Amino acid sequence: MKILLTGHKGFIGSHLLRSLENQYEVICADKKENLDLCDQALTESLPDCDVVVHLAAINGTKLFYDIPFDVATNNLLPTVNLLNRYRNTDTKFIFASTCEIFNGATDLFNYKIPTDEKVPVVFDDILNPRWSYSLPKALGENLVANSGLNWTILRFFNIYGPGQIDHFIPEFVNRVLNQKIQIVGNDTRSFCYVDDAVKLTRNLIENCPNQIINVGNDEEFEIAYVARKILKIMEIDPSLLEILPGKKGSARRRCPDISIAKKLTNFDSFTPIETGLKHTIASLL
């Protein structure tokens, strides 16, 4: 099987590449290697393949607010170009989406948590730069599902681990190293260690047709709980943690229903949060 993997220089992509390359022929495309998938002509020149795994994206909560236009365009155009390139072929298209697309459903309309794949996609304020990442992902889901290709949409829930940047855990560790023992808001999240996400993703690439699947861990924690775990691992007094007000648009709770993923993959051996945090922190120090 020949796989085109986009975003292989990114966080999840780099881990997935190491897992795939020993078994499959993997072709890589990443903006960090001057392969800008926003360029339609370049995308049209990509080779035929059996599977596209489209992970390439600008991601990171801070970036959603700082450069929303760049985030939006760099998450939409590559998806459109790749679908145009492969939509009249027998290629299977795996699209990396996000739990960010339904924050409004859980916060405003009390949709159930743990949240299943049938959740409505809701944006409460179309002007909020927070949605510069998730709006293109929501549109991408619709484009993929209506492309005529065989497809799988993977909605990732707060994946973490070594090599990650611009997300809560590495950002908090860096703040602590700079004597700023603070978190912004105290929402809940369900953190999934990257090795577990890769195992789930690999299995779903091979076995899941025309379906949206949640990829994550269904163990839910307050951010403050995770922050204090990090402080304890770093041998810093957890009582020093300061909790600042959260930003507008941040989901109050986030936890996936992963019953479909478990049924399809038979995977249920998740890395404990403390073990994953120790590996992640060790990679940052």
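Here is a short report on the structure shown in this document. (Residues numbered from 1 in each chain as written. Predicted model: local features only at pLDDT ≥ 70, side-chain atom pairs only at ≥ 80, totals over all residues. Heavy atoms only, no water.)

## Let's talk about helix H11 (residues 273-284)
Which entries qualify depends on this criterion: Note on conventions: DSSP H or I runs of at least 4 residues are helices, E runs of at least 2 residues are strands, and numbering of each starts at the N terminus. Helix span is expected to be 1.5 Å times the residue number reduced by one. Only protein chains enter the area calculation, which uses a 1.4 Å probe; residues under 20% of their type maximum are buried, those over 50% are exposed, and those in between are partly exposed. Here the arc refers to the set of directions running from the helix axis out to each C-beta atom. In what follows, residue pairs with any heavy atoms lying within 4.5 Å of each other are defined as contacts.
Over its 12 residues, H11 extends 16 Å from the first C-alpha to the last, a length consistent with the 16 Å expected when each residue adds 1.5 Å. If you check which residues of H11 are buried, you get Ile 273, Gly 276, Leu 277, Thr 280 and Ile 281. The buried residues of H11 occupy an angular sector of 125 degrees when the element is viewed end-on, so they sit on one face. As for H11, its buried residues are in contact with strand S6 (159-160), helix H7 (168-177), strand S9 (192-193), strand S11 (221-222) and helix H9 (223-233).

## Focus: the environment of Lys 92
Put simply, the test is: Polar contacts, as used here, are pairs of N or O atoms within 3.5 Å; protein pairs need one atom able to donate a hydrogen and one able to accept it. Residues neighboring in sequence count only if both atoms are side-chain atoms.
Relative to the helices and strands, Lys 92 is located in strand S4 (residues 92-98). Residue class for Lys 92 comes out buried when judged on its relative accessible area of 14%. Expressed as a C-alpha distance, the spacing of Lys 92 and Thr 152, which sit 60 residues apart in the sequence, is 7.9 Å. One polar contact links the side chain of Lys 92 to the main-chain carbonyl oxygen of Ile 205, over a distance of 3.0 Å.

## A look at the packing of aromatic side chains
Under the convention used in this document: Each pair of aromatic rings taken from Phe, Tyr and Trp, with Trp reduced to its six-membered ring, is defined by centres within 6.5 Å and is described as stacked if the planes are under 30 degrees apart, edge-to-face if over 60, and tilted in the remaining cases.
What the rule picks out here adds up to 9 aromatic pairs. Look at Phe 123 and Trp 131: their rings are 5.8 Å apart centre to centre, the planes differ by 70 degrees, and that puts the pair in the edge-to-face class. Judged by relative accessible area, Trp 131 falls into the buried class, the value being 1%. Between Phe 221 and Tyr 225 the ring centres are 5.1 Å apart and the planes differ by 0 degrees, which places this aromatic pair in the stacked class. Classification of Phe 221 as buried rests on a relative accessible area of 10%. Classification of Tyr 225 as partly exposed rests on a relative accessible area of 37%.

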